[in-house]
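Each chain, written out:
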Amino acid sequence: MSFDLEGFLPYRLSVAAAQVSRRFAALYGAEAGLTIPEWRVLAHLNRSGAVSVRDINVKVNLDKSIVSRAASRLEQAGLVRKSGHAGDGRLIALELTPDGQELMGRLGRIAEAFQAELLAELGPEAAGLDRALDRLIARGG
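No experiment lies behind these values; they were computed from the predicted model shown.

### Considering the nonpolar core
Here is step 1: Within the largest apolar cluster, 26 residues are counted, with the highest numbers of intra-cluster contacts made by Leu42, Leu45 and Ile56.
Here is step 2: Taken together, the elements giving at least two residues each to this core come down to helix H1 (9-32), helix H2 (36-48), helix H3 (53-60), helix H4 (64-76), strand E3 (92-96) and helix H5 (98-122).
Here is step 3: If you tally residues by element for this core, the top one is H5, at five residues.
Here is step 4: Ignoring any residue separated from it by four or fewer positions in sequence, one finds Leu42 in contact with Leu34, Leu74, Leu79, Val80, Leu96, Leu103 and Met104.

This is how it looks when you write it as structure tokens:
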């Protein structure tokens, strides 16, 4: 068979994404002991304000049950709080607590430094990769 998995673009994108994600996870894990789902929930809440688990699961590309478990751990840690959703009484809204906001301030600086490191690794090809990723993400799944 002539199929070359190593040259298959979807496979290569997946491998690259996993490697970069693990590198970054090591940084925020060392700073705050967070898992990948916990980081994604915090980062989304930092940008969006109070939203439902359903809203988060759509934006961060994780199953609703994984987002729910991460949100529960973050609530127990005092980093997020749950309240009634303003738009839909059946939903629970999540938002950062002051401790969560302070942590995201620190993690945001770590994220910015990591992104700068990645961009330096990519060099002049970074802009082209960014445009290509934008096209792939805009197409959706």
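There's plenty left to go through after this.
### As for the side chain of Ser52
Here is step 1: With respect to the helices and strands, Ser52 occurs in strand E1 (residues 51-52).
Here is step 2: For Ser52, a relative accessible area of 1% puts it in the buried group.
Here is step 3: A polar contact of 3.1 Å, which involves the side chain of Ser52, links it to the backbone nitrogen of Asp55.

### Notes on the environment of Asp99
Here is step 1: The topology assignment puts Asp99 in helix H5.
Here is step 2: Separated by 76 residues in sequence, Asp99 and Arg23 place their C-alpha atoms 25 Å apart.
Here is step 3: Ignoring sequence-local partners within four residues, the contact set of Asp99 consists of Gly78 and Leu79.

### Considerations on the packing of H2 against H5
Here is step 1: Interaxial distance between H2 and H5 falls to 11 Å at its minimum, and their mutual angle equals 105 degrees. What the angle tells us is that H2 and H5 run roughly perpendicular. Between H2 and H5, the residues in contact are Trp39, Leu42, Ala43 and Asn46 and Leu103, Met104, Leu107 and Ala111, respectively.
Here is step 2: Residue composition of the contact of H2 with H5, by class: seven nonpolar, one polar and no charged.

### A closer look at the packing of aromatic side chains
Here is step 1: This model, assessed by the stated rule, comprises five aromatic pairs.
Here is step 2: Relative to Phe8, the ring of Phe3 has its centre 5.3 Å away and its plane inclined at 65 degrees; by these criteria the two rings are edge-to-face.
Here is step 3: Looking at Phe8, the relative accessible area reads 37%, which means it is partly exposed.
Here is step 4: Here the aromatic rings of Phe24 and Tyr28 are separated by 4.9 Å at their centres, their planes lie at 75 degrees, and the arrangement is edge-to-face. Placement of the pair is Phe24 and Tyr28 together in helix H1, with a separation of four residues, close to one helical turn. Judged on exposure class, the residue Phe24 and its partner Tyr28 are both buried.
Here is step 5: Chaining the aromatic ring pairs together yields one cluster made of Phe24, Tyr28, Trp39 and Phe114.

### Considering the pattern of salt bridges
When the charged atoms of two side chains lie near each other, side chains of opposite charge can form a pair.
Here is step 1: Summed over the entire model, instances satisfying the criterion amount to seven salt bridges.
Here is step 2: Two residues, Arg23 and Glu121, come together in a salt bridge whose shortest N-O distance is 2.5 Å. In this pair, Arg23 is assigned in helix H1 and Glu121 in helix H5, connecting sequence segments 98 residues apart.
Here is step 3: Across the salt bridge formed by Glu75 and Lys82, the nearest N and O atoms sit 3.6 Å from each other.
Here is step 4: By relative accessible area, Lys82 is classed as partly exposed at 35%.

Quick notes on the rules
Residue numbers here run from 1 along each chain, matching the order of that chain's written sequence. Residues qualify for local features only when their pLDDT is at least 70, as the model is predicted, and side-chain atom pairs are given and counted only at 80 or more; totals for whole chains, interfaces and linings, by contrast, use all residues. Hydrogens are left out, water is left out, and the side-chain values use all remaining heavy atoms of the structure. We define the nonpolar core as a collection of buried residues of types Ala, Val, Leu, Ile, Met, Phe, Trp, Tyr and Cys that are connected through side-chain atoms lying within 4.5 Å of one another. Working definition: with a 1.4 Å probe on protein chains only, accessible area under 20% of the residue-type maximum means buried, over 50% means exposed, and in between means partly exposed. Secondary structure counts use DSSP, requiring at least four H or I residues in a row for a helix and at least two E residues in a row for a strand, with both numbered from the N terminus. By the convention used here, residues are in contact when the closest approach between their heavy atoms is within 4.5 Å. Counted as a polar contact is a pair of N or O atoms within 3.5 Å, where, for protein atoms, one must be capable of donating a hydrogen and the other of accepting one, and residues adjacent in sequence contribute only when both atoms are in side chains. Here an angle of 0 to 180 degrees is reported between the N-to-C directions of two axes, which are lines fitted to C-alpha atoms, with helices fitted over the stretch in contact. Throughout this description, any angle smaller than 35 degrees is read as roughly parallel, any larger than 145 degrees as roughly antiparallel, any in the 65 to 115 degree range as roughly perpendicular, and the remainder as oblique. Under this grouping Gly is polar, as are all residues other than the nonpolar Ala, Val, Leu, Ile, Met, Phe, Trp, Tyr, Cys and Pro and the charged Asp, Glu, Lys and Arg. For this analysis, a ring pair means two rings from Phe, Tyr or Trp (six-membered ring only for Trp) whose centres lie within 6.5 Å, classed as stacked if their planes differ by under 30 degrees, edge-to-face if by over 60, and tilted for the remaining angles. Salt bridge, as used here: a side-chain nitrogen of Lys or Arg that lies within 4 Å of a carboxyl oxygen of Asp or Glu.

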